[in-house]
Amino acid sequence: MDKYLNKVYFIFLLLLASCTSTAPTTPFPTIKQGVLDLSNWSFEKNKAIPLKGEWEVYWQKLLSPETLAQHKPSALFDLFPSWKGKTINQQALPHHAQATYHTRVIIAPSQLNNPLAIKFKVSEFAYKIFINGKLSGKIGQIGTTNNAPIYSTNIYTFTPQTRTIDLVLQISNHNTHVSSLIQSLDLGQPTNLYLSHQQALNVNFLLFGSLLIIALYHFSLFYFRRQATSPLYFGLLCLTIAVRILTLGEFNMTDVFPWFDFEWHEKFSYLTYYIATLVTFIFIRSVFTDEFPRLLAKLIPWVIWPFILLTIFTNSRVFSKVLPVFQLFTVVSVFIGFYILGRAVLNKSYGAKAFLLGYIAISGTAVHDIIYALGIIHTGHLFPWGLFIFILSQAVALSGRFSRAFVQSEQLSQELNDLNQDLEHQVQSRTRSLEKTREELQLKNDNITASITYAQRIQDAILPGWNNVQKHLPESFLMFRPKDLVSGDFYWFAALEKSEQVNEKLILAAVDCTGHGVPGAFMSLIGNNLLNQIILERKIFSPDLILSALNKEVKQVLKQHETHNRDGMDLALVVIDQEAKTMEFAGAQNPLYLLQNGELTVLKGDKAPIGGKQYEQEIAYQKHCIDITQPTTFYLASDGFQDQFGGPSGRKFMVKAFRRLLFDIHPHPMSTQHEILTQTLTDWKKDEEEQVDDILVIGIKLS
């Protein structure tokens, strides 16, 4: 699949290169000595012309057209992209200042009395524009010490009555330290300028809508398969850049959101830049975990977060000063990304080559935009296009990854089904072929063992990792000893996040299914799936209601009303609310062993198993509420430990001895308790007695 993806991305890169390298075949006339001569220029045959060149500059003055003749120009220079880097009387001009720009445009006689227009797109300053002595428009509030700029794109239409068009532009910037103040100032026919503006709007909204749809699609992928985090980070990246495109494009946010002033615009433009960089690296780490150095994974967020916080809690005069530092970091980050993706390509990771091609597009346009922001080139922002190509390529690559995962899942399911059918066939064959030789029986036995071993791997994969349990309950232990390769005993755990309706909850259950080995394992799979449905999908969190619902579902799944099947399960289940300092318990046959203040209390479960021979449709289980404000230790267990034969007389260990053992070991650390239980069981069996049942003991200490 990589081969076909590479071809698609290579075509994208060629398109991007063609966009960035396109240049006009005929050079535009420029302003010379404050005059732009367009006597031989036809606006009907040509598109709009940028007003670039040697404007007359009246530095630190805000002059009206009437008073302009009373002053002499301070200098002649271009107002693109700003006055940064320019000098007057060998003095470098500061970031924060104000000035008046003046130029005259001479048009052809055929253009008289025909409408013209000026398209003005600004970023960081306030201005007033006068055309032939008349105030044609203004943006923001200009001033000599401060100003209120507005990011906007405006088109001013006028009809020239003479061949000379007099343009006066008052500008003030007292807010930011960026280099690019003016993005475009074009003169042309109104229809052409409005058309180009509308085309730019269409492109912006196309990109915004496409990225938003891609983001929502990948959020939904993460919702249904939360083990894979890459769709979440990819969706966040798409959403961030969609907001950035809408903020920096032709669309005037203040037309729809009056509160979206200059300060908000600056914060959004900076924050989307920083967050997109951060999320990009998190996304790469989630896809290529093995290739991403751990040190960089920890270091990069610590580098980026200060820029984000500075932008949130300061104004534009402050946070705009550090932009060059982050631009340098971005350049360094580009090479870091190439290093990581290069390792992924060498390791032949799935989708690495396609990912690298998309990364070339995003990194190339990012470096281009940094050079553009520094005023070295004047081509415009290309990063949204590069990012769009990157996002489109990664969307295809992620889809390929998910498709591959689904195919593997289907293959594993088919293999499991084949193994189950093969197991049934082997059992039947053994019944019909008792006369066959020992060699044939041994061969069949080996096949069965292989199948059960595979089933054991599946059961182990379904059970929650105890390391995950210990993240939430660090003082705990698990003693889990199946009698055979697969077990009828299992444990279930879930950590429920806090919501508006409920606090954060930890739900833990110890379950003992009917039988052991393969039949018990099948029951454990049924029990595990039903607990997932009842708690995670149906959002039932009260232990008594969980048991009632589980009892009902087991009877329905096993069709016990019709078949009189007696399979079922015993269990003890607790719901821990650490914020409210409470614990709720409900049990079906199995108890809760509770130790507080040095006293052992046994909370017995109801004498009603889950499923089994009781055919009533519904059973009401009792809920016990426990205060855990004081140090609390509790244990959940199946009957395997207490029913184990051994000792001097070859008898059962018994319930009383098991309770006394728990009471004796509870002061010790949890790891020591586990060792004592293990050694006690070993000493009791003395390698003479066979294990009679699955053994499950869980110990938890709540501080």
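This one's a predicted model, so the numbers in the text were calculated from it and none came from an experiment.

Notes on the packing of helix 2 (residues 190-224) against helix 3 (residues 230-248)
Then, in step 1: Interhelical geometry of helix 2 versus helix 3 gives an angle of 160° and a closest axis separation of 8 Å. Classified by the angle between their axes, helix 2 and helix 3 sit roughly antiparallel to one another. The chirality of how helix 2 crosses helix 3 is left-handed. Contacts between helix 2 and helix 3 involve Asn204, Phe205, Leu207, Phe208, Leu211, Leu212, Ile214, Ala215, His218, Phe219, Leu221 and Phe222 from the former and Pro231, Leu232, Phe234, Gly235, Leu236, Cys238, Leu239, Ile241, Ala242, Val243, Ile245 and Leu246 from the latter.
Then, in step 2: Taken together, the residues that form the contact of helix 2 with helix 3 break down as 21 nonpolar, three polar and no charged.

Describing a nonpolar patch on the surface
Then, in step 1: Taken together, the side chains of Trp305, Leu309, Ile312 and Phe313 make up a nonpolar region of the molecular surface, amounting to roughly 440 Å² of accessible area.
Then, in step 2: Assignment of secondary structure puts tryptophan 305 in helix 6 (residues 294-313).

A word on unusual backbone geometry
Then, in step 1: Although it is not a glycine, glutamine 33 adopts a positive phi angle of roughly 55°.
Then, in step 2: Summarising the element assignment, glutamine 33 is placed in the loop between helix 1 (2-21) and strand 1 (35-38).
Then, in step 3: A residue is classified by how much of its surface remains accessible, and glutamine 33, at 53% relative accessible area, is exposed.
Then, in step 4: Backbone geometry places glutamine 90, a non-glycine residue, at a positive phi of 65°.

Thoughts on the nonpolar core
Then, in step 1: If you look at the biggest cluster of nonpolar residues, it comprises 57 residues, and the most contacted ones within it are Met583, Phe634 and Ile698.
Then, in step 2: Those residues in contact with methionine 583, other than ones at most four positions away along the chain, are Val574, Val575, Ile576, Leu592, Leu594, His624, Cys625, Ile626, Ile628, Phe634 and Leu702.
Then, in step 3: Counting residues in each nonpolar core, the second largest holds 45 residues, with Ala276, Phe319, Ile336 and Tyr359 among its members.

Some points on the packing of aromatic side chains
Then, in step 1: Summed over the entire model, instances satisfying the criterion amount to 21 aromatic pairs.
Then, in step 2: Ring centres of tyrosine 270 and tyrosine 274 lie 6.2 Å apart, and the angle between their planes is 75°; on these two criteria the pair is classed as edge-to-face. Placement of the pair is tyrosine 270 and tyrosine 274 together in helix 5 (residues 262-287), with a separation of four residues, close to one helical turn.
Then, in step 3: Residue tyrosine 270 is classed as buried on the basis of its relative accessible area of 5%.
Then, in step 4: Assessed through its relative accessible area of 0%, tyrosine 274 is described here as buried.
Then, in step 5: Ring centres of phenylalanine 641 and phenylalanine 653 lie 5.2 Å apart, and the angle between their planes is 90°; this geometry places the pair in the edge-to-face category. With phenylalanine 641 in the loop between strand 23 (632-637) and strand 24 (645-646) and phenylalanine 653 in the loop between strand 25 (651-652) and helix 16 (655-665), this residue pair connects regions lying 12 residues apart in the sequence. As far as the burial class goes, phenylalanine 641 and phenylalanine 653 line up, both buried.
Then, in step 6: Put simply, the rings of Tyr270, Tyr273, Tyr274, Phe307, Phe319, Phe326 and Phe329 touch in pairs and so form one group of aromatic residues.

What about the pairing of strand 3 (residues 55-59)?
Then, in step 1: Buried residues dominate strand 3, accounting for five of its five residues.
Then, in step 2: Residues Trp55, Val57 and Trp59 point to one face of strand 3 and Glu56 and Tyr58 to the other, with burial holding for every one of them.
Then, in step 3: Here three bridges tie strand 3 to strand 4 (residues 75-77), and the two strands are oriented antiparallel to one another. Along strand 4, the bridge assignment pairs glutamate 56 with leucine 76.
Then, in step 4: With four bridges connecting them, strand 3 and strand 7 (residues 97-107) associate as antiparallel partners. Looking at strand 7, one finds that glutamate 56 is bridged to histidine 102.

Let's talk about the sheet that holds strand 23
Then, in step 1: Strands sit in the order 14-26-23-19-20 across an open sheet of five strands; the sheet is antiparallel. Both edges of this open sheet fall to strand 14 (476-481) and strand 20 (599-603), since each of them pairs with a single strand only. The average undirected angle you get between the axes of adjacent strands in this sheet is 15°.
Then, in step 2: Relative to strand 20, strand 19 (residues 592-596) runs antiparallel, the two sharing five bridges. Of the residues in strand 20, the one forming a bridge with tyrosine 593 is valine 602.
Then, in step 3: Lying on the sheet, helix 16 is in contact with strand 19, strand 20, strand 23 and strand 26 (695-702); it crosses strand 19 at an angle near 35°.

Focus: the packing of helix 3 against helix 5
Then, in step 1: Relative to each other, helix 3 and helix 5 sit at 155°, their axes nearing to 9 Å. With respect to their mutual orientation, helix 3 and helix 5 come out roughly antiparallel. As for the relative orientation of helix 3 and helix 5, their crossing is left-handed in sense.
Then, in step 2: Here the residues of the contact of helix 3 with helix 5 are counted per class, giving 14 nonpolar, eight polar and one charged.

Some details on the confidence of the model for the protein
Then, in step 1: Chain-level statistics for the protein give a pLDDT mean of 81 and a share of 83% at 70 or above.
Then, in step 2: Confidence, read as mean pLDDT per element, is least for helix 1 in the protein (50) and greatest for strand 23 (95).

Some details on the pattern of salt bridges
Then, in step 1: Summed over the entire model, instances satisfying the criterion amount to seven salt bridges.
Then, in step 2: Note that lysine 498 and glutamate 579 form a salt bridge whose closest N and O atoms lie 3.4 Å from each other. Note that lysine 498 is positioned in the loop between strand 15 (489-496) and strand 16 (505-513) and glutamate 579 in the loop between strand 17 (568-577) and strand 18 (582-588), a separation of 81 residues in sequence.
Then, in step 3: For lysine 498, a relative accessible area of 53% translates into the label exposed.
Then, in step 4: Of the charged contacts, one joins arginine 538 and glutamate 553 as a salt bridge, the two residues approaching to 3.3 Å between their closest N and O atoms. Here arginine 538 is found in the loop between helix 13 (517-537) and helix 14 (543-557), whereas its partner glutamate 553 is found in helix 14, with 15 residues between them in sequence.
Then, in step 5: Look at arginine 538 and you get partly exposed, because its relative accessible area is 44%.
Then, in step 6: Sharing partners across several salt bridges, the network here consists of Lys483, Asp484 and Glu690.

A look at helix 6
Then, in step 1: With 20 residues, helix 6 should reach 28 Å at 1.5 Å per residue; the first-to-last C-alpha distance of 30 Å fits that figure.
Then, in step 2: The set of residues buried in helix 6 consists of Leu296, Ala297, Ile300, Pro301, Ile304, Phe307, Ile308 and Thr311.
Then, in step 3: Looking at the buried side of helix 6, the elements it contacts are helix 5, helix 7 (316-319) and helix 8 (323-346).

The rules behind each value
The residue count restarts for each chain, going from 1 along the sequence in the order it is written. Since the coordinates come from a predicted model, pLDDT governs what is reported: local features require at least 70, and pairs of side-chain atoms require 80 or more to be given and counted, while whole-chain, interface and lining totals use all residues. To obtain the side-chain values, all non-hydrogen atoms of the structure were used and water was disregarded. Think of each axis as a best-fit line through the C-alpha atoms, taken over the contacting stretch in the case of a helix, with angles from 0 to 180 degrees between the N-to-C directions. The way it works is that DSSP assigns letters per residue, a run of H or I at least four long becomes a helix, a run of E at least two long becomes a strand, and they are numbered from the N terminus. Should an angle fall under 35 degrees it is called roughly parallel, over 145 degrees roughly antiparallel, and 65 to 115 degrees roughly perpendicular, with every other angle called oblique. When the near helix sits turned anticlockwise from the far one by under a right angle, the crossing is termed left-handed; a clockwise turn instead gives a right-handed crossing. A contact between two residues is defined here by any heavy atoms of the two lying within 4.5 Å. Amino acids outside the nonpolar list (Ala, Val, Leu, Ile, Met, Phe, Trp, Tyr, Cys, Pro) and the charged list (Asp, Glu, Lys, Arg) are all regarded as polar, and Gly is one of them. In this analysis, a patch consists of residues with relative accessible area above 30% that form no salt bridge, clustered at 9 Å for like charges and at 5 Å for the nonpolar side chains Val, Leu, Ile, Met, Phe, Trp and Tyr. Note on areas: Shrake-Rupley with a 1.4 Å probe; residue coverage comes only from the protein chains shown. Any Lys or Arg side-chain nitrogen located within 4 Å of an Asp or Glu carboxyl oxygen qualifies as a salt bridge. Accessible area is worked out with a 1.4 Å probe on protein chains only. A residue is then buried under 20% of its type maximum, exposed over 50%, and partly exposed in between. We define the nonpolar core as a collection of buried residues of types Ala, Val, Leu, Ile, Met, Phe, Trp, Tyr and Cys that are connected through side-chain atoms lying within 4.5 Å of one another. Here a pair means two rings of Phe, Tyr or Trp (six-membered ring of Trp) with centres within 6.5 Å. Their orientation is stacked below 30 degrees between planes, edge-to-face above 60, and tilted elsewhere. For two strands to be treated as a pair, DSSP must find no fewer than two bridges joining them. pLDDT expresses, on a scale from 0 to 100, how confident the predictor is about each individual residue. Here a helix's expected span is defined as the number of its residues, less one, multiplied by 1.5 Å.

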